[in-house]
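Structural overview for review
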Amino acid sequence: MKKSIICFIVHIFFGSALIVPVFSQDSGSAIDHSGHVGVMIHESTIDGHRFAYHLIDIQKSPEQMKDMQNPNESDKTHHLMVYVVDPDGQAVQQAKLGHLVEGPNGAEQKIMAMGMQGAYGANVDFKEKGKYTIKAKCLAGDKKLFDRFHFEVK
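Residues numbered from 1 in each chain as written. Predicted model: local features only at pLDDT ≥ 70, side-chain atom pairs only at ≥ 80, totals over all residues. Heavy atoms only, no water.

**Comments concerning the overall build of the protein**
Along its length, the protein carries two helices and eight strands. Moving toward the C terminus, one meets the helices and strands of the protein in the order α-β-β-α-β-β-β-β-β-β. For the protein, the proportion of its 154 residues judged to be buried stands at 38%. Residue pairs at least 24 apart in sequence account for 55% of intrachain contacts in the protein once pairs closer than 6 positions are excluded. Carbon and sulfur atoms form 55% of the exposed surface of the protein, whose accessible area is close to 10,000 Å². (Helix = DSSP H or I, 4+ residues; strand = E, 2+ residues; numbered from the N terminus. Buried < 20%, exposed > 50% of the residue type's maximum accessible area, 1.4 Å probe, protein only. Contact = heavy atoms within 4.5 Å. Areas by Shrake-Rupley, 256 points an atom, 1.4 Å probe, with all protein chains shown as cover.)

So, in structure tokens, the structure goes:
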């Protein structure tokens, strides 16, 4: 009888130890950033679509940026990459994505992003220190997705 009780307790202990990892696993709500370039500065979910914003300092990463720099944009300091994933977990392809970036001094930058490397990228000017408001509009099929967040340059 004592042996049966000990076996029962051992089974309960090991069984409950296995339950915790099952319930703590990520349900797929986060984006896998392992293949993304740059430093992640923001993540959000809009209508089931997940957005991950990554920033590359053009001046510090000239090797990464050699194919993404436009000679007409010599005043730009950073490259903003936005990874968009649909509710099914698939990268959104063939979308149109634009930004309205308002600087600490109130100056606005209107930028259209280009599809590249599984994301949408655009060069931006973050020369001035302070708080920037970044608004994004993504047209993915018949969906219009709007996002907004603040980013501080220190």
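**Focus on the packing of aromatic side chains**
Following the criterion strictly, the structure yields four aromatic pairs and no others. Measuring from ring centre to ring centre gives 4.6 Å for Tyr 53 and Phe 149, while their planes differ by 55°; the resulting arrangement is tilted. Linking Tyr 53 in strand β2 (residues 49-57) with Phe 149 in strand β8 (residues 143-153), this pair joins segments that are 96 residues apart in sequence. Among the residues examined, Tyr 53 registers a relative accessible area of 0% and is labelled buried. Using a relative accessible area of 5% as the deciding quantity, one classes Phe 149 as buried. Summarising the aromatic geometry, the rings of Phe 126 and Phe 151 are spaced 5.5 Å apart at their centres and angled 40° between planes, so their arrangement reads as tilted. Highlighted residues: Phe 126 in the loop between β6 (119-124) and β7 (130-140) and Phe 151 in strand β8, separated in sequence by 25 residues. This pair shows no difference in class: Phe 126 is buried, exactly as Phe 151 is. Within the aromatic cluster, the residues linked to one another by ring pairs are Phe 51, Tyr 53 and Phe 149. (Phe/Tyr/Trp six-rings, centres within 6.5 Å; stacked < 30°, edge-to-face > 60°.)

**Some points on the environment of Ala 136**
You can see Ala 136 is positioned in strand β7. Residue Ala 136 is classed as buried on the basis of its relative accessible area of 6%. Between the C-alpha atom of Ala 136 and that of Leu 97, which follows or precedes it by 39 residues, the distance is 6.9 Å. Apart from the residues lying within four places of it in its own chain, the contact partners of Ala 136 are Tyr 53, Gly 98, His 99, Leu 145, Phe 146 and Asp 147.

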